[in-house]
Amino acid sequence: HYFIQSNLSLMLLAYAASTYLVSSLLLLIFPRLLHKTRHVPFPSRFMAHRGGGGEFPENTMAAFRGAVKIGVDVFELDVQMTNDGEVMVCHDDDLSRVCGVP
């Protein structure tokens, strides 16, 4: 009786391992079985994050001009509204990080 239970346990373990192995190999060979390719309505190759802030001071005209010069497709910039209702281009809610003013 113990031999039958032990043999059955080994068979179930072998079945589970082989199922895992086969499904892993199938997903490795055909990765789009689970997730279909979506059509991207606006394909972009180059994006200037914070207007090109990695190369120039972020969200500045110098950054935007530099990004245009290297041929970016998309600008990303951050817009905030000041307490007096003016719109400014800045990532943070205050100016402490970019110019030391809280």
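Scroll up to find the structure this text is about.
The following paragraphs examine the structure supplied in this document.

Each helix and strand counted, the protein has 3 helices and 4 strands in total. Walking the protein from its N terminus toward its C terminus, one meets helices and strands in the order α-β-α-β-β-β-α. Taken over C-alpha atoms, the radius of gyration comes to 28 Å for the protein, far larger than the 13 Å a tight globule of 102 residues would show. Once the C-alpha set of the protein is aligned to its principal axes, its extents read approximately 85 × 35 × 25 Å. When burial is assessed residue by residue, the protein has 14% of its 102 residues classed as buried. For the protein, the proportion of contacts with a sequence separation of at least 24, taken over those separated by at least 6, is 37%. Carbon and sulfur atoms make up 66% of the accessible area of the protein, which amounts to about 8,800 Å² in all. The average position of the 8 basic charges and that of the 10 acidic charges among the side chains of the protein differ by 17 Å.

Attention now goes to unusual backbone geometry. Positive phi, close to 55°, is recorded for Asn59, a residue that is not glycine. Assignment of secondary structure puts Asn59 in the loop between strand 1 (47-48) and helix 2 (61-70). Its relative accessible area of 8% is what places Asn59 among the buried residues.

Attention now moves to the environment of Asp78. Structurally, Asp78 can be placed in the loop between strand 2 (74-75) and strand 3 (79-81). Separated by 38 residues in the primary sequence, Asp78 and Val40 have C-alpha atoms spaced 23 Å apart. Residue contacts for Asp78: discarding those within four places in its chain leaves Arg50, Asn59, Met88, Val89, Cys90 and His91.

Taken together, Leu21, Val22, Leu25, Leu26, Leu27, Leu28, Ile29, Phe30, Leu33 and Leu34 make up a surface patch of nonpolar side chains, about 1,000 Å² in accessible area. Along the chain, Leu27 falls in helix 1 (residues 2-29).

Thresholds, definitions, all that
- Residues numbered from 1 in each chain as written.
- Predicted model: local features only at pLDDT ≥ 70, side-chain atom pairs only at ≥ 80, totals over all residues.
- Heavy atoms only, no water.
- Helix = DSSP H or I, 4+ residues; strand = E, 2+ residues; numbered from the N terminus.
- Rg over C-alpha atoms; globule rule 2.2 N^0.38 Å.
- Buried < 20%, exposed > 50% of the residue type's maximum accessible area, 1.4 Å probe, protein only.
- Contact = heavy atoms within 4.5 Å.
- Areas by Shrake-Rupley, 256 points an atom, 1.4 Å probe, with all protein chains shown as cover.
- Lys, Arg positive; Asp, Glu negative; His and termini not counted.
- Charge placed at Lys NZ, Arg CZ, Asp CG, Glu CD.
- Patch = residues over 30% accessible without salt bridge, like charges linked within 9 Å, V, L, I, M, F, W, Y side chains within 5 Å.
- Salt bridge = Lys/Arg side-chain N within 4 Å of Asp/Glu carboxyl O.

Read these as layout, nothing more, since geometry by itself doesn't imply function.
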